[in-house]
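# Overview (structure and organization)
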Amino acid sequence: MFGSEPHRRERRTEADVRALPPLPRPDRATMCAEATCGCTLVLVVVAVLVATTESVASSLRPESYLSILGRIAILTEAAVALACLCGLMFGDPGVVKRSVSTCFPMPRQVADALEREGKVQLQHNIVEGQHEYCTRCLLWRGTKSDGCHHCSTCQRCVRAFDHHCGVFGRCIAGNGYGGNMGYFKVLISMGGAGIFTAMTFSLASMAEHITRGGDLILAVMTISMTVGSCCCCSCVMWAVANPSSAPALV
Ligand SMILES: [Zn+2]
Ligand SMILES: [Zn+2]
């Protein structure tokens, strides 16, 4: 099926791509456990920050511009964070797909191994000039400057690879608008923005309480609750944003 010399000149089709041995199996159990952990963390952080801001808002006069502003800000941040979470979970990080152009022409060693054994067990990738061939995915994954890497958990080659996130169970990759790096960065930013909103809102509400001659004890309790919630959320966001610290959480 995979001839030695003629394989470089033959016209290949999608049928030849489908005839290749299957792609390696991803570690789905690990990915699912990590994704469950990441989604739960994001939902908990969103719920805590929205609840904190809402409880501060409910202690203010309903018509207060501060009350309206705080609610709008935190709900917008929560919506953006959840949209980014969906993007991370369901978006493509930049996996290099098998196609006629990426699979062929096959390196001689690979074609010979397939001809002989029907599978490839090379321990190293093949580099020809600037081009790299992954001997696990059986495809040309681009040049060195593309920053491709074969993720040992997802078992796929990913362009502009940054890291495999042990919290979300996904490769984090991409430059500019490509990949899912944008979702990841915006999600982390929304965590920071949510903490900022809750803290600022809480301080502003305390100032309003004092100005109105309201209950000072209630104001101090409110801000203590906000500080506690924000500290917990900051720890979670820090762990998510630092891949090396992530395994401690899962
Ligand atoms: Zn690969
Ligand atoms: Zn991965």
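The rules behind the values
- Residues numbered from 1 in each chain as written.
- Chains lettered and ligands numbered in written order.
- Predicted model: local features only at pLDDT ≥ 70, side-chain atom pairs only at ≥ 80, totals over all residues.
- UniProt positions renumbered as here; feature names shortened; annotations may be inferred.
- pLDDT = per-residue confidence, 0-100.
- Helix = DSSP H or I, 4+ residues; strand = E, 2+ residues; numbered from the N terminus.
- Contact = placed C-beta atoms within 7 Å.
- Axes fitted to C-alpha atoms, helices over the stretch in contact; angles between N-to-C directions.
- Parallel < 35°, antiparallel > 145°, perpendicular 65-115°, else oblique.
- Expected span 1.5 Å × (residues − 1).
- Buried ≥ 20, exposed ≤ 12 C-beta atoms within 10 Å, placed from the backbone.
- Pairing = 2+ DSSP bridges.
- Left-handed = near helix turned anticlockwise from the far one by under 90°.
- Nonpolar A, V, L, I, M, F, W, Y, C, P; charged D, E, K, R; others polar.
- Core = buried A, V, L, I, M, F, W, Y, C linked by C-beta atoms within 7 Å.

The name given to the protein chain in an unreviewed UniProt entry is Palmitoyltransferase, and the organism recorded there is Prymnesium parvum. Under the UniProt heading Sequence similarities (unreviewed entry), the entry covering the protein chain gives this text: "Belongs to the DHHC palmitoyltransferase family. PFA5 subfamily."

A separate point is the confidence of the model for the protein chain. Detailed conclusions should not be drawn from predicted coordinates in areas where pLDDT is low. Of all residues in the protein chain, 91% attain a pLDDT of 70 or more, and the chain-wide mean is 86. Of all the helices and strands in the protein chain, helix H7 (residues 216-241) carries the lowest mean pLDDT, 80, while strand S5 (residues 156-158) carries the highest, 96. This model gives residues 1-8 a pLDDT under 50, and the stretch forms 14 contacts once residues within four places in sequence are excluded. Below a pLDDT of 50 lies the segment residues 245-250, which in the model reaches 14 contacts outside its immediate sequence neighbourhood of four places, other chains included.

Another point: the packing of helix H2 (residues 28-58) against helix H3 (residues 65-90). Interhelical geometry of H2 versus H3 gives an angle of 175° and a closest axis separation of 9 Å. Classified by the interaxial angle, the pair formed by H2 and H3 is roughly antiparallel. Facing Ala35, Cys39, Val42, Val46, Leu49, Val50, Thr53, Val56 and Ala57 of H2, the residues of H3 in contact are Ser67, Gly70, Arg71, Ile74, Ala78, Ala81, Leu82, Leu85 and Met89.

Its 26 residues place the ends of H7 37 Å apart at the C-alpha level, agreeing with the 38 Å of an ideal helix rising 1.5 Å per residue. Along H7, the residues that are buried comprise Ala219, Thr222, Thr226, Ser229, Cys230, Cys233, Met237 and Val240. Residues of H7 that are buried sit in contact with H2 and helix H6 (181-212).

Our focus in this paragraph is the pairing of strand S7 (residues 170-173). Both strand S6 (residues 161-165) and S7 contribute to a ladder of 4 bridges, which runs antiparallel. In the sheet register, Cys165 faces S7, and the bridge partner there is Arg170.

The subject of this paragraph is the packing of H2 against H6. Viewed as axis vectors pointing N to C, H2 and H6 meet at an angle of 15°, and their least axial separation amounts to 9 Å. When the axes of H2 and H6 are compared, the pair comes out roughly parallel. As H2 packs across H6, the resulting crossing turns out to be left-handed. Of H6, the residues touching H2 (which contributes Val45, Leu49, Thr52, Thr53 and Val56) are Gly191, Gly194, Ile195, Thr197, Ala198, Phe201, Ser202 and Ser205. Among the residues forming the contact of H2 with H6, the class breakdown is 6 nonpolar, 7 polar and no charged.

Turning our attention to unusual backbone geometry. A negative phi angle is the norm for most residues apart from glycine, just as the trans form is the norm for most peptide bonds. Of note, the amide linkage connecting Phe104 to Pro105 takes the cis form, showing an omega dihedral of 0°. Among the secondary structure elements, Pro105 is positioned in the loop between helix H4 (100-103) and helix H5 (108-117). Even without being a glycine, Gln155 presents a positive backbone phi close to 60°. Here Gln155 shows up in the loop between strand S4 (149-151) and S5.

Mapped onto this numbering, the UniProt entry gives "transmembrane region" (unreviewed entry) at residues 28-51, 72-91, 183-204 and 216-241. The span residues 28-51 shows a helical share of 100% and a strand share of 0%, and its end C-alpha atoms are spaced 34 Å apart. Between the C-alpha atoms that bound residues 72-91 the distance is 27 Å, and the span itself is 95% helix and 0% strand.

Turning our eyes to something else, we now look at the environment of Ser229. Looking at the secondary structure, you find Ser229 in helix H7. Of the residues examined, Ser229 has 21 C-beta atoms within 10 Å and is grouped as buried. Residues Ser229 and Thr52 lie 177 residues apart in sequence; the distance between their C-alpha atoms is 7.5 Å. In this structure Ser229 touches Val48, Leu49, Thr52 and Ala198, once residues within four positions along its chain are discounted.

To continue, consider the nonpolar core. Residues Val45, Leu49, Ala81, Cys84, Leu88 and Leu187 are the most contacted members of the largest nonpolar core, which totals 46 residues. Here the element with the most residues in this core is H6; it accounts for 7 residues. For Cys84, the contacting residues outside a window of four places in its chain are Tyr183, Val186, Leu187 and Met190.

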